[in-house]
Amino acid sequence: MAPTYDFDPTASNWLVRAYHTPVQDALRGHLSARLDVRREIAAAALPLPLPGLVYTVVRRSRLWRREQHDVARELIAHFADGLAAGTSGDKLAADFGSPEQAARLIRRAKLRSRPLWWRSARAATRLFLAAFVAGLLTYSAMAARFYWGRPIIAHNYWHEINAARRTSNDQRAWPLYREALIKLGKTEILPEWLDDGPSGKHWDEAMAALARHRESLELMREGAKRPHFGWLLGDPADHAATAAGHQEWMFTQQSADDNEDLISALLQGPQEIRRVSRLLAADARRAAIAGQGATVLEDVTAILSLSEQQFAPAATLVEQLIGIAIFGQATEAVGRTLADYPAALTDEQLQHLAHRIAAYRGGTLSLDFTSERMIFDDLLQRAYTDDGNGDGRITRDGLRLLADSGGGGSALFSSSVARDPKAAWAVLVASPGVAALVGSRRENRELYHRLMDEMIAAHQGPPWQWDRKAFDAYEARMCEMATKTSEHLKYWLVANMLPALAARNSAGERSVQVRDAAEVAIALEIWRRRHGEWPRELAELVPDLLPAVPVDRTDGKPLRYVVRDGQALVYSIGADRDDDGGRASGIPDQSIPTWFGPETPADAMHQPSDSDGDWILWPPRKEPPQDDEPTRPPETPGD
């Protein structure tokens, strides 16, 4: 079959006449350039099929205009030489070969002869395009992998925690507490309202409320005698009971069967128990003023049991901190009774209190972080895929959690942006890229549990010997994850969920110190009754009233003691780490240690000026009257 060409010399004059006008040249400059070549080929008067061959090669070479003219002249000259040698046009065309191959070879030669700047730009453009295509393919694969990923909620930690807490109804204190709370309604009584006795501003109100809720108080005391708290996460029975008692506000409807994220569990039971403890503490204060030692003992013992019950199996950190706070209510009640109305308690009652306080939680106030690990692992299963081997990648649900936690990219994935249709595409495009920067499931889990284990190990032993280097390394790592965007993205879940372990363990040690001071205060009062005066030093209480002098948790030395103006004073050297002889600081709360462990020069430099003074443990200080009284929830009808 004869080859076809892109040019017919018999039509060239028509093409020139039809298109070679100023208007068409302005609108079709590229066509004008072609016509220039056509005119040049037509002017050469080559026999068929050579004009079409020349034009086909020139056009398919895709060269610059000047280069096309050069190629056309070279080919015309080549064929003119062949014709002059007596070779026919058909023979020359046949010998020439494929126009496409010739065009490729000519183009390659011309490109090699172009300027260096053009060749460099061409190479850079090719490299850019290749990189762009490779990046687009890679990103497409990442996007497909990201959007196909789904978390698998395989574990219900609500059920696991509840299974550890379940016990027979006759062992559970919670049903009694719940009944007491329903009867109590929104009544709130603070113990400090009774500090000023019958002359106090809220005395009549508090006394009336205590008398009105005697039944609730009895239910609380009865519940405190049971061995287990028995409160369950997401128990629909709580909402049903409070709704039946017209106290729906007390418990929202939440079910463990729904298996929502564990961190969203509402700890309404333990929170309401704090109100119960304050009511009991107020009644203990009333009984002390009235000289009813048996009631004081019963109320304080109930508060101690309430506190112990908060440390249920797999108790959350919040529940345990509530337990510590309730324990503080008990020691406060003991301390104030001994300071203001010591005659209300007999020696036998004091000894009973001392033994009960010493036996509190078997003598330990350590915290358990099992539930915190559960909360973290539960978030992992909701944020990541699961490959069946403990690893996985972040999902769209995980990025939403990241945004909600305030992590990197939170502005992009915020709910306001998600509601904006114009921003939806930006979110869709950016998500796979952000996901690529987030650490894997295994990386986040291993780092979380490793840091948790390291900090728990660092808090073993006496608090004044805690591993301060481990603290500093931990704080530096947390600071890096908080301030360095790449680290915060990679370990976002660790950065947001790892608890402040040093502060939490220090809270436990402060409670130990308060417990020891309560023991010392009881022993001092018994000594004073026996000898008519305070002892010269705490060592005189050993071994008859104390097995040993408790230590100051700050430095490991014996707890400090002084008699001033006829009043015994028990104190710790406190936050400033020096003995000020029992002098309180200008702002007493500033002298309470927020951390324990060896002091470093940097710590001394950064101590607040108001921390200069000792932490007075007993007698408890009285708060000055406040202009703004605490807000009390209104009592519900029928309270």
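Please read these numbers as outputs of a predicted model, since none were measured by experiment.

Some thoughts on the overall build of the protein
Inference 1: Counting secondary structure elements, the protein contains 27 helices and three strands.
Inference 2: Residue pairs at least 24 apart in sequence account for 73% of intrachain contacts in the protein once pairs closer than 6 positions are excluded.
Inference 3: About 31300 Å² of surface is accessible on the protein, with carbon and sulfur atoms providing 54% of the total.

So, the environment of Ile573
Inference 1: Residue placement: Ile573 occurs in the loop between strand S2 (567-572) and helix H27 (601-605).
Inference 2: Given a relative accessible area of 2%, Ile573 falls into the buried group.
Inference 3: Each C-alpha atom, one on Ile573 and one on Asp612, is 9.6 Å from the other, the two residues being 39 residues apart in sequence.
Inference 4: For Ile573, the residues in contact, after removing those within four places along its chain, are Asp552, Thr554, Asp555, Arg560, Asp578, Asp579, Gly613, Asp614 and Trp615.

Quick notes on the packing of aromatic side chains
Inference 1: Summed over the entire model, instances satisfying the criterion amount to twelve aromatic pairs.
Inference 2: Ring geometry for Tyr177 against Phe229: centres 6.1 Å apart, planes inclined by 45 degrees, an arrangement best described as tilted. Highlighted residues: Tyr177 in helix H10 (residues 174-184) and Phe229 in the loop between helix H12 (214-224) and helix H13 (236-244), separated in sequence by 52 residues.
Inference 3: For Phe229, a relative accessible area of 4% puts it in the buried group.

Details of H12
One turn of the α-helix equals 3.6 residues, which is why residues spaced by three or four share an orientation.
Inference 1: Looking only at H12, the buried set comprises Ser216, Leu217, Leu219, Met220, Arg221, Gly223 and Ala224.
Inference 2: Contacts made by the buried residues of H12 are with H10, helix H11 (203-212), helix H14 (268-289) and helix H15 (293-309).

Describing the pattern of salt bridges
Inference 1: Within the structure shown, the criterion is met by 45 salt bridges.
Inference 2: In this structure, Arg477 and Glu487 form a salt bridge, with 3.1 Å as the shortest nitrogen-oxygen distance. Of the two residues, Arg477 is situated in helix H23 (residues 468-483) and Glu487 in helix H24 (residues 485-490); the sequence distance between them amounts to ten residues. Neither Arg477 nor Glu487 differs from the other in exposure class; each is buried.
Inference 3: Salt bridges here are not isolated pairs; linked through shared partners, they connect Arg214, Glu218, Arg221, Asp283, Arg286 and Asp299.

Remarks on the nonpolar core
Inference 1: Formed by 127 residues in total, the largest nonpolar core has its most connected members in Val300, Ile394, Val494, Ile522 and Leu524.
Inference 2: It is helix H26 (residues 501-531) that provides the largest number of residues to this core, a total of twelve residues.
Inference 3: When near neighbours in sequence (up to four residues on either side) are disregarded, Ile522 contacts Val334, Leu338, Leu350, Leu353, Ala354 and Ile357.

Some points on the packing of helix H17 (residues 347-358) against H26
Packed helix pairs are characterised by how far apart their axes lie and by the angle those axes make with each other.
Inference 1: Relative to each other, H17 and H26 sit at 160 degrees, their axes nearing to 10 Å. The angle between the axes of H17 and H26 places the two elements in the roughly antiparallel class. The two elements H17 and H26 cross, and the hand of that crossing is left-handed. Contacts from Asp347, Leu350, Gln351, Leu353, Ala354, Ile357 and Ala358 of H17 reach H26 at Arg515, Ala518, Glu519, Ile522, Glu525, Ile526, Arg529 and Arg530.
Inference 2: Per-class residue counts for the contact of H17 with H26 are eight nonpolar, one polar and six charged.

Thresholds applied
Residues numbered from 1 in each chain as written. Predicted model: local features only at pLDDT ≥ 70, side-chain atom pairs only at ≥ 80, totals over all residues. Heavy atoms only, no water. Helix = DSSP H or I, 4+ residues; strand = E, 2+ residues; numbered from the N terminus. Contact = heavy atoms within 4.5 Å. Areas by Shrake-Rupley, 256 points an atom, 1.4 Å probe, with all protein chains shown as cover. Buried < 20%, exposed > 50% of the residue type's maximum accessible area, 1.4 Å probe, protein only. Phe/Tyr/Trp six-rings, centres within 6.5 Å; stacked < 30°, edge-to-face > 60°. Salt bridge = Lys/Arg side-chain N within 4 Å of Asp/Glu carboxyl O. Core = buried A, V, L, I, M, F, W, Y, C linked by side-chain atoms within 4.5 Å. Axes fitted to C-alpha atoms, helices over the stretch in contact; angles between N-to-C directions. Parallel < 35°, antiparallel > 145°, perpendicular 65-115°, else oblique. Left-handed = near helix turned anticlockwise from the far one by under 90°. Nonpolar A, V, L, I, M, F, W, Y, C, P; charged D, E, K, R; others polar.

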